[in-house]
Amino acid sequence: MEVSCAFPTALDSPDNIAIAERLGYARAWVYDTPQQSPDVWMTLALAADRTERIGLGPGVLIPSLRHPMVNAAATATLAALAPGRVAVAFGTGFTGRRAMGYGAISWSYMDSYIRAYRGLLRGEVVEWEGAQMRMLHPDGHAPARPVDVPILVGALGPKGNKVANELGDGLFVTLQLPEFVTEYSWVPYLAWGTVLDEGEAPDSEHSRAAAGPGWALAYHGAYEFGGPDAVRQIPAGAEWLEVVDKTPLEQRHLAVHAGHCVELNEADLAAWEAGGHAILRDTTITGTRDEVRRRLDDLASRGVTEIVFQPCGPDIGAELERFYDAARS
């Protein structure tokens, strides 16, 4: 199983990607979350300039955020800056849409978008929103078409599986493994967590900072996909909801997603302190080196071909090193 990393795009992400390359990580995926992050393509371009080997790509792009021509041109630019190192993943929009108050895009829209995007990269004339278009970049403005980059699709259900099977080169997954994961030869799995020192308590300050943001996704995801009743089924869910419900309904998504994948927000902290940290090991890859290694072996046996670790906390470099050492032990 390959060991890769991911970053909730930040100003220091290019430097952290360079660290990941030195440590041996296979690929760095960068989030497309404009409501809380610098631009994903600018960040990847800077990373390309500071690295030589590590794979690079947005993971995942949200189609509704950009015209397919914009993403095709950006992809071609990155492919020119980092030839042979680029892959692109698409998703329907958890953070990238829900944190702005929207629902996920439809799979029919995703299907149409990827078809147009692929056609543009091949140099074809495609139709989008009733108009016909083609990449017109002359020499020196983009690589010659076709621009060949692998495309992965983030999917958990049957509609997404159909699109991924027809249009993708692999399946990008997180939070859970769908039953159809074994249908794919390339399956990156995005995960959070930390490697604990021997004897370190799972509710330590280090654990809260490094693994807490991933643990908090249990509450964020339950709320977005199942509503308040789903959150109440989670330990300390009532305490989490008590904080979130203080925000007016029309702005509640802002309270849910504040600090998403980076730090614990007010509601997350309330749940942690109320004992919610008891599910840390169930919701993240957190444990000693041996425990982490066993978790990765289990994921590999279930069809995951690439673990994608997102580090958190005040020392990203140290978290990257801890996890890589455990994964390769």
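Residues numbered from 1 in each chain as written. Predicted model: local features only at pLDDT ≥ 70, side-chain atom pairs only at ≥ 80, totals over all residues. Heavy atoms only, no water.

Participant: When you look at the packing of aromatic side chains in this model, what are you seeing that I'm missing?
Facilitator: Geometrically, a pair of aromatic rings is defined through the distance of the ring centres and the angle of the planes. In this structure the tally under the stated criterion is 12 aromatic pairs. Seen from their ring centres, Y109 and Y113 are 6.2 Å apart, and the 35 degrees between their planes marks the pair as tilted. Of this pair, Y109 and Y113 both sit in helix α5 (residues 107–122), separated by 4 residues, roughly a single helical turn. Residue classification places Y109 among the partly exposed residues on the basis of a relative accessible area of 30%. Here Y113 and W128 contribute two aromatic rings whose centre-to-centre distance is 5.6 Å and whose plane-to-plane angle is 90 degrees, an arrangement assigned as edge-to-face. Note that Y113 is positioned in helix α5 and W128 in strand β5 (residues 126–128), a separation of 15 residues in sequence. According to the relative accessible area criterion, W128 is buried, its value standing at 8%. Three or more aromatic residues link up through ring pairs in this structure, and these residues are F90, Y109, Y113, Y117 and W128. (Phe/Tyr/Trp six-rings, centres within 6.5 Å; stacked < 30°, edge-to-face > 60°. Helix = DSSP H or I, 4+ residues; strand = E, 2+ residues; numbered from the N terminus. Buried < 20%, exposed > 50% of the residue type's maximum accessible area, 1.4 Å probe, protein only.)

Participant: Can you walk me through the sheet that holds strand β1 (residues 2–7) in this structure?
Facilitator: Within a sheet, neighbouring strands are paired by backbone hydrogen bonds and run either parallel or antiparallel to one another. Spatially, β3-β2-β1-β12-β9-β8-β7-β4 is the arrangement adopted by the 8 strands of the open sheet, whose pairing is parallel. Sheet topology places β3 (55–58) and β4 (88–90) at the edges, where each strand pairs with a single neighbour. For this sheet the average axis-to-axis angle between neighbouring strands, irrespective of direction, equals 25 degrees. Pairing analysis gives 3 bridges linking strand β7 (residues 151–154) to strand β8 (residues 170–174), with the strands arranged parallel. Counterpart to L152 in the pairing with β8 is G170. Helix α1 (residues 13–23) rests against β1, β2 (27–30) and β3 of the sheet, and its axis sits at about 165 degrees to β1. (Pairing = 2+ DSSP bridges. Axes fitted to C-alpha atoms, helices over the stretch in contact; angles between N-to-C directions. Contact = heavy atoms within 4.5 Å.)

Participant: Mind showing me how you'd approach the layout of surface pockets here?
Facilitator: Over the atoms, a rolling probe the size of a water molecule traces out where space has been left empty. As a volume, the largest pocket reaches approximately 1200 Å³. The wall of the largest pocket is formed by 49 residues, among which F94, L156, V173, T174 and L175 lie closest to the centre. Looking at which element gives the most residues to the lining of the largest pocket, the answer is helix α7 (residues 205–232), with 6 residues. Put simply, the second largest pocket is a space of about 230 Å³. Lining of the second largest pocket is provided by 17 residues; of these, P8, A10, V262, P311 and I316 occupy positions nearest its centre. (1 Å grid on protein atoms, 1.4 Å probe; cavity = no way out; pocket = protein on both sides within 12 Å on 5 of 7 lines; lining within 4 Å. Points joined across faces, edges and corners; volume = space filled by probe spheres on them.)

Participant: Hey, could you run me through unusual backbone geometry in this one?
Facilitator: Across the chain, the bulk of peptide bonds are trans and the bulk of non-glycine residues have phi less than zero. With an omega of 10 degrees, the peptide bond between G59 and V60 qualifies as cis. Looking at where V60 falls in the secondary structure, it is placed in the loop between β3 and α3 (68–81). At E129, a residue that is not glycine, the phi angle is positive and equals roughly 55 degrees. The topology assignment puts E129 in the loop between β5 and β6 (131–133). Here the phi dihedral of A236 falls at roughly 65 degrees; this positive angle occurs in a residue that is not glycine. Note on placement: A236 falls in the loop between α7 and α8 (237–244). A residue is classified by how much of its surface remains accessible, and A236, at 13% relative accessible area, is buried.

Participant: Can you walk me through helix α13 (residues 316–327) in this structure?
Facilitator: For the α-helix, the turn length of 3.6 residues means that residues three or four positions removed from each other point alike. Between its first and last C-alpha, α13 extends 16 Å over 12 residues, near the 16 Å set by a 1.5 Å rise per residue. For α13, every residue scored as buried is listed here: I316, G317, E319, L320, F323, Y324, A326 and A327. (Expected span 1.5 Å × (residues − 1).)

Participant: What's the story with the pairing of strand β12 (residues 306–309) in this structure? I'm lost.
Facilitator: For a regular strand, the rule is simple: side chains alternate between the two faces of the sheet. Here β12 shows two buried faces, one formed by E306 and V308 and the other by I307 and F309. In the sheet, β1 pairs with β12 via 4 bridges, with the strands oriented parallel. Within the sheet, the bridge partner assigned to E2 lies in β12 and is E306. Bridging between strand β9 (residues 188–191) and β12 involves 4 bridges; their strand directions are parallel. Bridging from a neighbouring strand, P188 pairs with E306 of β12.

Participant: Please clarify how the nonpolar core should be interpreted in this entry.
Facilitator: Most often, soluble globular proteins keep nonpolar side chains buried together rather than apart. Membership of the largest hydrophobic core comes to 71 residues, with the highest contact counts inside it found for Y25, L56, F90, Y117, L171, I307 and F323. Per-element accounting of this core gives the leading share, 8 residues, to α5. Here L56 is in contact with I17, R27, A28, L44, A47, A48, T51, A82, R85, V86 and A87, once residues within four sequence places are set aside. Among the nonpolar cores identified, the runner-up in size contains 20 residues, and W240, L241, L264 and L280 belong to it. (Core = buried A, V, L, I, M, F, W, Y, C linked by side-chain atoms within 4.5 Å.)

Participant: What is the right way to read the packing of α3 against α5 from this model?
Facilitator: If you want to describe how two helices pack, look at the angle between their axes and the distance between the axes. Contact geometry of α3 with α5 gives a least axis separation of 9 Å together with a crossing angle of 45 degrees. Viewed along their axes, α3 and α5 adopt a mutual orientation that is oblique. Note that α3 runs across α5; the crossing there is right-handed. Residues P68, M69, N71, A72 and T75 of α3 lie in contact with α5, whose contacting residues are Y113, A116, Y117, L120 and L121. Of the residues assigned to the contact of α3 with α5, the class counts are 8 nonpolar, 2 polar and no charged. (Parallel < 35°, antiparallel > 145°, perpendicular 65-115°, else oblique. Left-handed = near helix turned anticlockwise from the far one by under 90°. Nonpolar A, V, L, I, M, F, W, Y, C, P; charged D, E, K, R; others polar.)

Limitation: the analysis is restricted to geometry and does not speak to function.
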